[in-house]
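# Per-entry structural report
Now for the letters of each chain:
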Amino acid sequence: MKKRPSLRPKKRTGTGPKIIIVKKRFLILGVLILMLSGIFIFENFKKPESAETTKTPPLNESVAQASLEYKISIIDNSTGGDITNNTVLMDRINQSPLITELIAASENGTPMITIGNGSRPRVMIVAGVHGGELPPQIAATKLINTLNGKKINGTIYIIPFAIPRDTATSTRIHNKTDPNRVANIPGTPVNKIIRTSKNKNITLLLDCHSTRPHDIPGKNCIIYDPKNQKSLKLALYINNKTNSPVMKVGNYSGVLTTVCNRNNITSVVCEVLSPHGKLQPKSDHLAYQYMISFLDYVGIYSNDTKKP
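Residues numbered from 1 in each chain as written. Predicted model: local features only at pLDDT ≥ 70, side-chain atom pairs only at ≥ 80, totals over all residues. Heavy atoms only, no water.

### So, the overall build of the protein chain
Looking only at helices and strands, the protein chain has 9 helices and 9 strands in total. Burial analysis of the protein chain (308 residues in total) assigns 46% to the buried set. Long-range contacts, defined as pairs at least 24 residues apart, comprise 79% of the intrachain contacts of the protein chain with a sequence gap of at least 6. For the protein chain, the exposed area adds up to about 17,500 Å²; of that, 54% sits on carbon and sulfur atoms. (Helix = DSSP H or I, 4+ residues; strand = E, 2+ residues; numbered from the N terminus. Buried < 20%, exposed > 50% of the residue type's maximum accessible area, 1.4 Å probe, protein only. Contact = heavy atoms within 4.5 Å. Areas by Shrake-Rupley, 256 points an atom, 1.4 Å probe, with all protein chains shown as cover.)

This is how it looks when you write it as structure tokens:
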């Protein structure tokens, strides 16, 4: 006799749906893991942003070289020249790797080396406004070698060859004009130095020159601006360190230091006695002493400063 079919529903095996549910769970878990891994990789390997906003360099300023201790920039790309053509200069320069970088950069324009981290005080030393005045340019390269790797209490901007093209040919005239009589005219090489110093918030500036015998001023001296008492104070300090006499600046509105002093950048000119295109014995040493005394006045560096 046949059995009647049971009216109770057959029990379903739970295998099928559970497998599907388990697979879905694994799939969702896998997607979450991939998403988290992607976020981790992105956050840890993306290019870090600087804590400070980088300002657009003034006057098309471009970075030629940089390290932890210094940065070389070109502040005027219209003045480039091959300084190695000036054999008198090259014979007296200590061609360290850093100075070699500066000389190479000079082919592209006016090089400026920044030593320090941008903190205050910020000061500037300029040489070579007249390319044929060699002692200050030699002294500036010596100073750069001295400061490289030293502890600096602030920031020093040094322009060792203000107009490399004129240094290469050892001439004082630029485009048929004395460059230190047109510093107040926009677009001139020395005016670009002033604009750079203002942009960098420079508070003191030293402009170093050499003077021929029987010329003006025709002697070792420190020239200050009588309209700025801080200029006189700076001049007297350098005078006390070097014994070079102090004198007032002439009535020239286009002189670098005159324009600086009118723009709240205390400045002096330091002159050493040496024929143009030549090197009077020890004139570069005196120019170097001017620079060291200037830095000592600011408290940014002295000969007693030790390596960190």
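### Quick notes on the packing of aromatic side chains
In this structure the tally under the stated criterion is 1 aromatic pair. Sitting over the ring of Tyr 252, Arg 181 keeps its end group 4.2 Å from the ring centre. (Phe/Tyr/Trp six-rings, centres within 6.5 Å; stacked < 30°, edge-to-face > 60°. Lys NZ or Arg CZ within 6 Å of the ring centre and 35° of its normal.)

### A few points about the pattern of salt bridges
Under the definition given, this model contains 6 salt bridges. Across the pair Asp 284 and Arg 92 runs a salt bridge, and its minimum N-O distance is 3.3 Å. With Asp 284 in helix H9 (residues 283–298) and Arg 92 in helix H2 (residues 87–92), this residue pair connects regions lying 192 residues apart in the sequence. Overall, Asp 284 belongs to the buried group, its relative accessible area being 12%. Across the pair Arg 172 and Glu 133 runs a salt bridge, and its minimum N-O distance is 2.9 Å. (Salt bridge = Lys/Arg side-chain N within 4 Å of Asp/Glu carboxyl O.)

### Focus on helix H7 (residues 229–242)
Here H7 contains 14 residues, and its C-alpha end-to-end distance of 20 Å stays within 8% of the 20 Å for a straight helix at 1.5 Å per residue. Where the residues of H7 are buried, they touch strand E6 (204–211), strand E7 (221–224), strand E8 (246–248), helix H8 (256–262), strand E9 (266–273) and H9. For H7, the N-terminal cap is Asn 228; the gap from its side-chain oxygen to the backbone nitrogen of Lys 230 is 3.0 Å. (Expected span 1.5 Å × (residues − 1). Polar contact = N/O pair within 3.5 Å; in protein donor to acceptor, adjacent residues only side chain to side chain.)

### Digging into the pairing of strand E5 (residues 155–159)
A large share of E5 lies buried, amounting to 5 of its 5 residues. With burial as the criterion, each face of E5 is covered, one bearing Thr 155, Tyr 157 and Ile 159 and the other bearing Ile 156 and Ile 158. Of the strand pairs in this sheet, strand E3 (residues 110–116) and E5 are connected by 4 bridges, and their pairing is antiparallel. The residue of E5 that forms the bridge with Gly 116 is Thr 155. (Pairing = 2+ DSSP bridges.)

### Overview of the nonpolar core
By size, the foremost hydrophobic cluster in this structure holds 50 residues, and its most contacted members are Ile 158 and Leu 295. A total of 8 residues in this core trace back to one element, the largest contributor, which is H9. Not counting chain neighbours up to four residues away, the residues in contact with Leu 295 comprise Val 123, Ile 125, Leu 143, Leu 147, Ile 156, Ile 300 and Tyr 301. Ile 75, Met 112, Ile 193 and Ile 202 belong to the second largest nonpolar core, which has 19 residues in total. (Core = buried A, V, L, I, M, F, W, Y, C linked by side-chain atoms within 4.5 Å.)

### Describing the packing of helix H3 (residues 97–106) against helix H4 (residues 134–147)
As a packed pair, H3 and H4 sit with axes 9 Å apart at the nearest point and diverge in direction by 135 degrees. The pairing of H3 with H4 is recorded here as oblique in orientation. Every pair of crossing elements has a handedness; the one defined by H3 and H4 is right-handed. Counted together, Leu 98, Ile 99 and Leu 102 of H3 and Thr 141, Ile 144 and Asn 145 of H4 form the full contact between these two elements. Looking at the contact of H3 with H4 residue by residue, the class counts come to 4 nonpolar, 2 polar and no charged. (Axes fitted to C-alpha atoms, helices over the stretch in contact; angles between N-to-C directions. Parallel < 35°, antiparallel > 145°, perpendicular 65-115°, else oblique. Left-handed = near helix turned anticlockwise from the far one by under 90°. Nonpolar A, V, L, I, M, F, W, Y, C, P; charged D, E, K, R; others polar.)

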